[in-house]
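Listed below are the residues making up each chain.
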Amino acid sequence: MNDRKTLEERAAMSDIERLRHSCAHVMATAILKLWPDAQFAYGPPIETGFYYDFDMKHRITPDDFEKIEAEMKKVAKDNQKFEKKVISREEARTLAESGRLGGLAERPGNVSRYKLDLIDKIPEGEEISCYQNGEFLDLCAGPHVNYTSKCKNVKLMSVSSSFYMGDESKGQLQRLYGTAFESREELEQHLVALEEAKKRDHRKLGKELQLFHIDEDVGQGLILWTPKGAILRQELQNFISDELRKQGYSQVFTPHIGKLTLYKTSGHFPYYKDSQFGAIIENDEFQKCADAGCSCSEIMQRIDGVSKRLADGINERVGKEVIPADRVMADDQILDGFMLKPMNCPHHIKIFDSQQRSYRDLPVRLAEFGTVYRWEQSGELNGLTRVRGFTQDDAHLFCTEDQIAEEVLGCLSLVKKVLTTLGMNNYRVRVGLRDPDGSKFTGDPAQWDKAEAACRAAAATLGVPFSEEPGEAAFYGPKIDFVVKDVIGREWQLGTVQVDYVLPVRFDLSYIGADNQKHRPVMIHRAPFGSMERFCGVLIEHFAGAFPTWLNPEQVRVMTISEKADEFARSVFEQLRTAGLRVTLDVEAEKIGAKIRTAQLEKVPYMLVIGQKEAEANSVAVRHRSRGDLGLQSVEAFLEAVTLEVAERTL
RNA sequence: GCUCGUGUAGCUCAGUGGUAGAGCACUUCCUUGGUAAGGAAGAGGUCGCGGGUUCAAUCCCCGCCACGAGCUCCA
């Protein structure tokens, strides 16, 4: 509901959108039959169906769906014609005043208030029309299908709330979602696909496969990695670390907190305060404030305060007043506590700045799996994909301006390597450029031009589709995002590469150039996975929990047919374990069918079935999770094959 | 943060104004079985937490916490 669609854009509606839009009208008709007081606002088609926002006394619950669907079926069976009428603005207003618009009849005293507002939003000179099917008359630019009989393959999906025009202050509406297709088969298929997607849900699989745990007492949005999930994460980290070594990165480690002053310098505090955990203030400091009789608001101000020296330095270097004078206060007034780090860059910057740097040292590439904390709104938290504490596979590159292009390219090839290795080939690349409106970015336009050109050129070499999106840059520089599409068609922003001119200025970073003068380095922020948590979440759904052997927490399960084979099975188990495979041994008093079933459900890639026959032949019967029975192999041959598969990170 | 919904055994879920049940998993025993479920017995719950109404609350009411869907937000 952002920008108004033009009539041309509306006319270009696809067939399925047209159908779904019509279904929204049919649904409205049905709702009005049941609850005539309903006031409708806005009912568009969406990617997976349609919805209609409305307001009425009765609160819809899923128990009502059946009733509403039954009414919708009647409307469809009635085969009402969708008829368009072009009306004048005055006529439209009169119809809305009488409650007729978005109703089955005139409703004295029940003005179509949302429709009235929508009429006022229609630009002067644009055609105003309404559509009628049966008794239901709605303000609508269309287009629609010709008859309601087309709207029979429909299912109501969910109900929730929304704000009128997305504006919290304009009151709450109920939103009823449905989906619709041209044929019964397509609808059934869609519902089956949704069921399949549910089975892949990483929250469900995470529990079943014991990959992670979120505990109320620890806190929402805080991930506890259980042993199996930790293996998955560790393997990914090993993989990326290998690649980083190849690309000349240096590993660093930094703590989880830093002083407020650090973030006042970087600018993260207090500007992103709403999405950060609160400041950590020492008890003594609080006591001093209490003794001095400070009010809470005074304390808040003191926490936000900066010294004159810091403010002057940054304002001068940036070239404008980024730290306003009202935040400046005497040093003994400032309450300097600590903060859980919302980003790793300030710490890495301090490592860069801890020594004098020559142009010969550049680029300096500092990498860390750094854990950061952000105060996400509680309604936003979701499994592993939206959390409050997460570990970025972060790195910061400090380089000369001339090195930007090459370094960006290196970052992109890294991201590409990661995604390719994991078989995540359905992704697109988004190059975020600065807003054409010059006031929304900082720094020198000439620098931006150069950096943007470098990003564009780097993206072009990747051989994947990329889009340039003006206005999507960070305020400090252009960026390149990797947007991966998962099995359900949802898009996830994972990897990102960002060029940054601003932080080197704020922290007054420098290196000595060939001319023996100080120069300002440029920073590149990059994280190929984005965060380990989100990435693992997407990965769980991508593989539906059946990870390739190199990633799977359990790679091989040795299982016995009867006790008579236990001894040989144990020796095989030991042999594989010594070779470094993640292997378990199942010598339960169960039949082989049950053992196989258990291993299949736990998605173990290789099952080694061992009975007397195998013991005598000094071999193992290999069964693969998806390839089935692979027959008899010597232990050595099996070990060699699997070791190779793991080493090569085969999918 | 907002709206609606949900919260019962390790998991999936029934159920009732008179302090609870199934399947799977778990434990023990029997069974020694050849590629997706062998049999028996047993153990396991302050019915999310805190108030209130009631002779009596897991059930009704209020508040909180968590989860889900959506909205809003997202360095």
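Overview of the structure.

The next thing to look at is the packing of aromatic side chains. Tallied over the full model, the rule gives 13 aromatic pairs. Between Phe 277 and Tyr 373, the aromatic rings sit 6.4 Å apart at their centres with planes inclined by 85°, giving edge-to-face as the arrangement. Remark: Tyr 373 occurs in strand S14 (residues 364-373) and Phe 277 occurs in the loop between helix H9 (260-266) and helix H10 (283-291); sequence separation between them is 96 residues. A relative accessible area of 16% means that Tyr 373 is categorised as buried. Following the ring pairs from residue to residue traces out a cluster consisting of Phe 40, Tyr 52, Phe 54 and Phe 136. Above the ring of Phe 181, the side-chain terminus of Arg 20 is found at 4.8 Å from the ring centroid.

Further remarks concern a negative patch on the surface. The grouping of Asp 15, Glu 182, Glu 185 and Glu 186 at the surface amounts to a negative patch. With respect to the secondary-structure elements, Asp 15 resides in helix H2 (residues 15-34).

Strand pairing in a sheet relies on backbone hydrogen bonds. The paired strands run either parallel or antiparallel. The mixed open sheet is built from eight strands, whose spatial order is S11-S14-S15-S22-S19-S18-S16-S17. The open sheet has two edge strands with one neighbour each: strand S11 (250-251) and strand S17 (466-470). Pairing of strand S19 (residues 491-500) with strand S22 (residues 522-527) involves five bridges; the strand directions are antiparallel. Pairing of Thr 496 across the sheet is with Ala 527, part of S22. Taken strand by strand, helix H8 (residues 227-246) contacts S14, strand S15 (389-399) and S22, and its axis lies near 160° from that of S14. Along the sheet, helix H17 (residues 532-543) contacts S14, S15 and S19; its crossing angle with S19, the most-contacted strand, is approximately 145°.

Of the consecutive residues Phe 269 and Pro 270, the connecting peptide bond is found in the cis state with omega at 0°. Along the chain, Pro 270 falls in the loop between H9 and H10. Unusually for a residue other than glycine, Gln 210 sits at a positive phi of about 55°. Relative to the assigned elements, Gln 210 resides in the loop between helix H7 (202-208) and strand S9 (212-213). Non-glycine residue Arg 649 carries a positive phi angle of around 50°. Summarising the element assignment, Arg 649 is placed in the segment after helix H21 (635-647). Given a relative accessible area of 18%, Arg 649 falls into the buried group.

Our next topic: the protein's contact with RNA strand B. Not every one of the 48 residues close to RNA strand B is listed here, only the nearest: Ser 275, Glu 380, Arg 386, Ile 561 and Arg 597. Within 4 Å of the protein, the contacting atoms of RNA strand B are 45% sugar and phosphate, with bases supplying the remainder. In the environment of RNA strand B, a base nitrogen lies 3.4 Å from a nitrogen or oxygen atom belonging to the backbone of Gly 379. Here a base nitrogen of RNA strand B sits 2.5 Å away from a polar atom, N or O, in the side chain of Glu 614. Contributing elements (two or more residues each) for the surface near RNA strand B: strand S7 (154-163), strand S8 (172-180), H7, helix H19 (592-601), helix H20 (612-617) and strand S26 (619-624).

Moving on, we get to the nonpolar core. Core analysis: the largest hydrophobic core is formed by 62 residues, its most contacted members being Leu 236, Leu 422 and Phe 535. Dropping the residues within four chain positions of it, Leu 236 is found in contact with Leu 422, Phe 529, Met 532, Phe 535, Cys 536, Leu 539, Trp 550 and Leu 551. Within the second largest apolar cluster, 32 residues are counted, among which are Ile 31, Val 75, Leu 104 and Ala 180.

How two helices sit against one another is set out by the angle between their axes and by the gap between those axes. At a closest axis distance of 9 Å, the pairing of helix H14 (residues 404-421) and helix H15 (residues 445-460) adopts a crossing angle of 40°. When the axes of H14 and H15 are compared, the pair comes out oblique. Classified by chirality, the crossing of H15 by H14 is right-handed. Contacts between H14 and H15 pair Ile 404, Ala 405, Val 408, Leu 409 and Leu 412 from the former with Ala 454, Cys 455, Ala 458 and Ala 459 from the latter. Split into classes, the residues belonging to the contact of H14 with H15 amount to nine nonpolar, no polar and no charged.

This paragraph deals with the sheet that holds S26. Spatial ordering of the open sheet is given by S24-S23-S25-S26-S27, a layout of five strands whose pairing is mixed. Pairing within the sheet leaves two strands with one partner each, and these edge strands are strand S24 (583-586) and strand S27 (628-634). Neighbour to neighbour, the strand axes of the sheet diverge by 25° on average, direction disregarded. Strand direction decides the pairing type here: strand S25 (residues 606-610) and S26, joined by four bridges, are antiparallel. Paired with Met 607 across the strands is Arg 623, a residue of S26. In this fold H19 packs onto strand S23 (556-560), S24, S25 and S26, with an angle of close to 165° to the strand it touches most, S23. Sheet strands touched by H21: S23, S25, S26 and S27. Its angle to S27, the strand with the most contacts, is close to 120°.

Here the focus is the packing of helix H18 (residues 566-578) against H21. At a minimum axis distance of 11 Å, the contact between H18 and H21 shows a crossing angle of 30°. Considering how the two elements wind past one another, H18 and H21 form a crossing that is right-handed. Residue-level contacts link Phe 568, Val 572, Gln 575 and Leu 576 of H18 to Val 635, Glu 636, Phe 638 and Leu 639 of H21. Residues that form the contact of H18 with H21 fall into these classes: six nonpolar, one polar and one charged.

So, about the environment of Trp 35. On the secondary structure map, Trp 35 appears in the loop between H2 and strand S1 (39-42). Taking relative accessible area as the criterion, Trp 35 reaches 11% and is therefore assigned buried. The spatial distance from the C-alpha of Trp 35 to the C-alpha of Leu 381 is 35 Å, given a sequence separation of 346 residues. The residues touching Trp 35, leaving out its near neighbours within four places in the chain, are Met 56, His 58, Ile 60, Asp 64, Lys 67 and Ile 68.

What follows covers the pattern of salt bridges. As enumerated under the stated definition, the model contains 37 salt bridges in all. The partner of Glu 533 in a salt bridge is Arg 233, with the nearest N and O atoms 3.6 Å apart. Of this pair, Glu 533 sits in helix H17 while Arg 233 sits in helix H8; the two residues are 300 residues apart in sequence, bridging distant segments of the chain. A residue is classified by how much of its surface remains accessible, and Arg 233, at 16% relative accessible area, is buried. Where Glu 554 meets Arg 557, a salt bridge forms, and the shortest distance between an N and an O atom there is 2.8 Å. Of the two residues examined, Glu 554 and Arg 557, each falls in the buried class.

Below, the discussion takes up the environment of Asp 120. Here Asp 120 is to be found in helix H5 (residues 113-121). Between the C-alpha atoms of Asp 120 and Met 339, which are 219 residues apart in sequence, the distance is 48 Å. Those residues within four positions of Asp 120 in sequence are excluded, and the remaining contacts are Arg 89 and Arg 93. In this structure the side chain of Asp 120 is engaged in a polar contact, spanning 2.6 Å, whose partner is the side chain of Arg 93.

Definitions and cut-offs
Residues numbered from 1 in each chain as written. Chains lettered and ligands numbered in written order. Predicted model: local features only at pLDDT ≥ 70, side-chain atom pairs only at ≥ 80, totals over all residues. Heavy atoms only, no water. Phe/Tyr/Trp six-rings, centres within 6.5 Å; stacked < 30°, edge-to-face > 60°. Helix = DSSP H or I, 4+ residues; strand = E, 2+ residues; numbered from the N terminus. Buried < 20%, exposed > 50% of the residue type's maximum accessible area, 1.4 Å probe, protein only. Lys NZ or Arg CZ within 6 Å of the ring centre and 35° of its normal. Patch = residues over 30% accessible without salt bridge, like charges linked within 9 Å, V, L, I, M, F, W, Y side chains within 5 Å. Areas by Shrake-Rupley, 256 points an atom, 1.4 Å probe, with all protein chains shown as cover. Salt bridge = Lys/Arg side-chain N within 4 Å of Asp/Glu carboxyl O. Lys, Arg positive; Asp, Glu negative; His and termini not counted. Charge placed at Lys NZ, Arg CZ, Asp CG, Glu CD. Pairing = 2+ DSSP bridges. Contact = heavy atoms within 4.5 Å. Axes fitted to C-alpha atoms, helices over the stretch in contact; angles between N-to-C directions. Near = heavy atom within 4 Å. Polar contact = N/O pair within 3.5 Å; in protein donor to acceptor, adjacent residues only side chain to side chain. Core = buried A, V, L, I, M, F, W, Y, C linked by side-chain atoms within 4.5 Å. Parallel < 35°, antiparallel > 145°, perpendicular 65-115°, else oblique. Left-handed = near helix turned anticlockwise from the far one by under 90°. Nonpolar A, V, L, I, M, F, W, Y, C, P; charged D, E, K, R; others polar.

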